[in-house]
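What the coordinates show
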Amino acid sequence: MYCEECRVLFEGARCPVCGSRRIREPEPDDLCLLTEKEQLWSDVLRDVLTQHEIPFLTEGVMGAGLALRVGPMLERVRFYVPYSHLERAGEIAAELFGEEQKQ
Ligand SMILES: [Zn+2]
């Protein structure tokens, strides 16, 4: 199932992120959270996704509390890809990051 608010895919009747029950089956154009990476790795992933012609959208994740905890150099970036490209993008990310990909 898919939650439009959080852009995540999951199993079950409730979004695991926001707890919403306003969920539906994913459609090909739905943006889905692929992964979240540090700034450094996000540049690499951007390049590779572009090379594979996978459309994606990024969003910086920078809470003030997080910045204090990990420092500004470790700003994290979330990657979203259309559901239709999610499987391929997941494979690419897995190849790129290996074990680190597991969340
Ligand atoms: Zn949600």
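Not measured: the values here are computed from a predicted model.

Quick look at a nonpolar patch on the surface now. A cluster of nonpolar side chains, namely Leu40, Trp41 and Val44, defines an oily patch on the protein surface of about 280 Å² accessible area. On the secondary structure map, Trp41 appears in helix H1 (residues 39-51). A relative accessible area of 35% places Trp41 in the partly exposed class.

Okay, the sheet that holds strand S4 (residues 31-38) next. Pairing between the strands of a sheet comes from backbone hydrogen bonds, and it takes one of two forms, parallel or antiparallel. Strands sit in the order S4-S6-S5 across an open sheet of three strands; the sheet is antiparallel. Because the sheet does not close on itself, it has two edges, and the strands there are S4 and strand S5 (57-61). Across the sheet, the mean angle separating the axes of adjacent strands is 25 degrees when strand polarity is ignored. Across five bridges, the pairing between S5 and strand S6 (residues 76-82) is antiparallel. Bridging from a neighbouring strand, Gly60 pairs with Val77 of S6. Sheet strands touched by H1: S4, S5 and S6. Its angle to S4, the strand with the most contacts, is close to 135 degrees. Strands in contact with helix H3 (residues 83-97) are S4 and S6; relative to S6, the strand with the most contacts, it is inclined by about 140 degrees.

Before going further, it helps to examine the sheet that holds strand S2 (residues 8-9). Pairing within the open sheet is antiparallel, and its three strands lie in the order S2-S1-S3. Each end of this open sheet is capped by a strand with a single partner; those strands are S2 and strand S3 (23-24). Where strand S1 (residues 2-3) meets S2, two bridges bridge the pair, whose relative direction is antiparallel. Bridging from a neighbouring strand, Tyr2 pairs with Leu9 of S2.

For the rest of this paragraph, the subject is H3. In this model, H3 (15 residues) spans 20 Å end to end at C-alpha, consistent with the 21 Å of a helix rising 1.5 Å per residue. If you look at H3, its biggest bend is around 25 degrees, right at Ala89. Listing the buried residues of H3 in full gives Leu86, Ala89, Ile92, Ala93 and Phe97. Residues of H3 that are buried sit in contact with S2, S4, H1 and S6. Positive backbone phi, approximately 60 degrees, marks Gly98, located one or two places after H3.

Coordination of the zinc ion by the protein comes from Cys3 (SG), Cys6 (SG), Cys15 (SG) and Cys18 (SG), over a distance range of 2.2 to 2.3 Å. Bound by four donor atoms, the zinc ion shows angles of 103 to 115 degrees at the metal and therefore tetrahedral coordination geometry. In primary-sequence terms, the residues that donate to the zinc ion follow C-x2-C-x8-C-x2-C. With relative accessibility at 42%, the residue Cys18 sits in the partly exposed group.

Quick notes on the rules
Residue numbers run consecutively from 1 along every chain, following the written order of its sequence. Only residues with pLDDT of at least 70 are given local features in this predicted model, and only at 80 or more are side-chain atom pairs given and counted; all residues enter the totals for whole chains, interfaces and linings. Side-chain descriptors were evaluated using all non-hydrogen atoms of the structure, hydrogens and water having been removed beforehand. By definition, no residue in a patch forms a salt bridge, and every one has over 30% relative accessible area; like charges are joined within 9 Å, nonpolar side chains (Val, Leu, Ile, Met, Phe, Trp, Tyr) within 5 Å. Methods summary: accessible areas were calculated by the Shrake-Rupley approach with a probe of 1.4 Å, and residue burial reflects only the protein chains presented. Salt bridges, as used here, are contacts in which a Lys or Arg side-chain nitrogen is within 4 Å of a carboxyl oxygen on Asp or Glu. Per the convention used, a helix needs a DSSP run of H or I reaching at least four residues, while a strand needs a run of E reaching at least two, with both numbered from the N terminus. Relative accessible area decides the class of each residue, using a 1.4 Å probe on protein chains only: under 20% of the type maximum gives buried, over 50% gives exposed, and in between gives partly exposed. At least two DSSP bridges between two strands are needed for those strands to be called paired. Axis definition: a line fit to C-alpha positions, over the contact stretch in the case of helices; interaxial angles, taken between N-to-C directions, run 0 to 180 degrees. In what follows, residue pairs with any heavy atoms lying within 4.5 Å of each other are defined as contacts. Between the first and last residue of a helix there are one fewer steps than residues, each counted as 1.5 Å, and that sum is the expected span. What the bend at a residue measures is the angle between two axes, fitted to the seven residues ending there and to the seven starting there. Excluding water, the donors of a metal are its N, O and S neighbours within 2.8 Å, or within 3.2 Å for Na, K and Ca, and that exclusion means sites may look incomplete. Under this scheme a four-donor centre is tetrahedral when all angles range from 85 to 135 degrees, a four-donor centre is square planar and a six-donor centre octahedral when opposite donors are above 155 degrees with the rest from 65 to 115, and any other centre is irregular.

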